[in-house]
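In case you want the letters, here they are:
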Amino acid sequence: MRILALPLAALLGLALPAQAHEETDAPSPTQIVDEAPREEWVTIPPENLLVMTLAPATDGAELRVVIQLMPEPFSQGWVANIRTLARAEWYDGITVNRVQDNYVVQWGDPNYDNPEADGAAKPLPKGLEEVSESEYTTTLDAAEIEAVRRYFSNAAKPEKPEESVTVWRADPYARAHAFLAGWPVATLDAAPRAWPVHCYGMVGVGRGYSPDTGSGAELYTVIGHAPRHLDRNIALVGRIVEGMEHLSSLPRGSGALGFYTAEEADKRTPILTVRVVSDLPESERLAFEYLSTDSDTFARYAAARANRRDPFFIEPAGGADICNIPVPVRRVVD
């Protein structure tokens, strides 16, 4: 699956609407990505991919969700726990327990942290790490800081000198945001502390009240408007790269926070298996890659997302929220 933009018309100057309609030869974001050189695509290591198989659809069709786990430097304690849980087959047989409209889908043991629980919680495997709240943010090294600054520099360069193009800007939640190693991140100081942000499809770790930070046994994904107020308050560990529709379309719960009530137990979707792709037989391994966020193509793609000039639009926005520039991801098919 590719996470791409709708077709656009142009990157050309701030024209009158009539002129914008004439700009039909400018590439759309989709075209820009499609024409990216092969060397600008980055392979996602199979160790960083999970395949989650849900109970089949009513017609018997397989329902599969693929999650890309976050690489260094972010959230590595929780990511390690998730691999441990998957390899212990702990996730097998859990369920989707909470679907809150315009917010999140959450899955885990139905008898853990669930207001409708009526049994003992499933024992966790040994070897899980207790991760500190300080790990919600990360201190970047010199190379990572330079990558963020390079993104800022590239983002400020318009396609044409007379244009004013901004594809990043401060927002109410951070001083600035950018992309680092294929992920949307934010920072409060140009310096070294940064964190991943809650965009649509991001996967996070459910937790109780502080100082609990969650183990990774309870996971959720964002299915609505980006809840950026959760940034730095809860761990983000990955994103859905395929099968999001199987989660976002689930029936909403009517209990507190979207939990399914006892009367809605039949709405809980069973999770049959969760596997790390690198553990699968080679013939069953899925392969994905993302467009390098350090590449020239990504800079052009982001500028196009921020400045829509196809005939539908009257005024290009001149900027974009970080969550409105989804990083292109595609499945690799032999």
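In what follows, the structure referred to is the one given above.
Okay, so let's go over this structure. (Residues numbered from 1 in each chain as written. Predicted model: local features only at pLDDT ≥ 70, side-chain atom pairs only at ≥ 80, totals over all residues. Heavy atoms only, no water.)

Summed over all chains, the structure comprises four aromatic pairs. Consider the rings of Phe179 and Phe298, whose centres lie 5.0 Å apart with planes at 70°: the pair is edge-to-face. Of the two residues, Phe179 sits in strand S7 (residues 176-180) while Phe298 sits in helix H6 (residues 296-306), which places them 119 residues apart along the sequence. Each of the two residues, Phe179 as well as Phe298, counts as buried. A centroid spacing of 5.6 Å and a plane angle of 55° characterise the contact between Phe298 and Tyr301, whose relative ring orientation is tilted. Of the two residues, Phe298 and Tyr301 both sit in helix H6, three residues apart, roughly one turn of that helix. There is no split in this pair, since Phe298 and Tyr301 are both buried. By the ring-pair criterion, three or more aromatic residues cluster together here, those being Phe179, Phe298 and Tyr301. A cation over an aromatic ring shows up here: Arg239 above the ring of Trp183, its NZ or CZ 3.8 Å from the ring centre. Seen from the ring of Trp41, Arg330 lies directly overhead, with NZ or CZ sitting 3.8 Å from the centre. (Phe/Tyr/Trp six-rings, centres within 6.5 Å; stacked < 30°, edge-to-face > 60°. Helix = DSSP H or I, 4+ residues; strand = E, 2+ residues; numbered from the N terminus. Buried < 20%, exposed > 50% of the residue type's maximum accessible area, 1.4 Å probe, protein only. Lys NZ or Arg CZ within 6 Å of the ring centre and 35° of its normal.)

Counting buried positions along H6 yields eight of 11 residues, so the element is predominantly enclosed. Residues Thr297, Phe298, Tyr301, Ala302, Ala303, Ala304, Arg305 and Ala306 constitute the buried set of H6.

Nonpolar side chains in soluble globular proteins tend to be buried together. The biggest cluster of nonpolar side chains holds 48 residues, and the ones touching the most others in it are Leu140, Leu180, Phe288, Phe298 and Ile325. No other element matches the five residues that H6 contributes to this core. With sequence-adjacent residues up to four places away left out, Leu180 is seen in contact with Phe74, Leu140, Glu144, Ala147, Val148, Val185 and Thr293. By size, the runner-up hydrophobic cluster in this structure holds 36 residues, among which are Ile67, Val105, Ile240 and Met244. (Core = buried A, V, L, I, M, F, W, Y, C linked by side-chain atoms within 4.5 Å. Contact = heavy atoms within 4.5 Å.)

A few words on helix H3 (residues 76-87). The end-to-end C-alpha distance of H3, which contains 12 residues, comes to 16 Å, matching closely the 16 Å that a straight helix rising 1.5 Å per residue would cover. For H3, the full list of buried residues reads Gly77, Trp78, Val79, Asn81, Ile82, Arg83, Leu85 and Ala86. Considering only its buried residues, H3 is in contact with strand S2 (49-54), strand S3 (63-69), strand S10 (202-205), strand S11 (219-222), strand S12 (236-242) and strand S13 (271-276). Glu89 sits one or two positions beyond H3 and adopts a positive phi of about 60°. (Expected span 1.5 Å × (residues − 1).)

Mapped onto the fold, Gln100 is located in strand S4 (residues 95-100). A sequence separation of 160 residues divides Gln100 from Tyr260, and the C-alpha atoms of the two residues are 9.6 Å apart. What Gln100 contacts, discounting residues up to four positions off in sequence, is Ile223, Leu257 and Gly258. Within polar-contact distance, the side chain of Gln100 engages the side chain of Arg98 at 2.8 Å. (Polar contact = N/O pair within 3.5 Å; in protein donor to acceptor, adjacent residues only side chain to side chain.)

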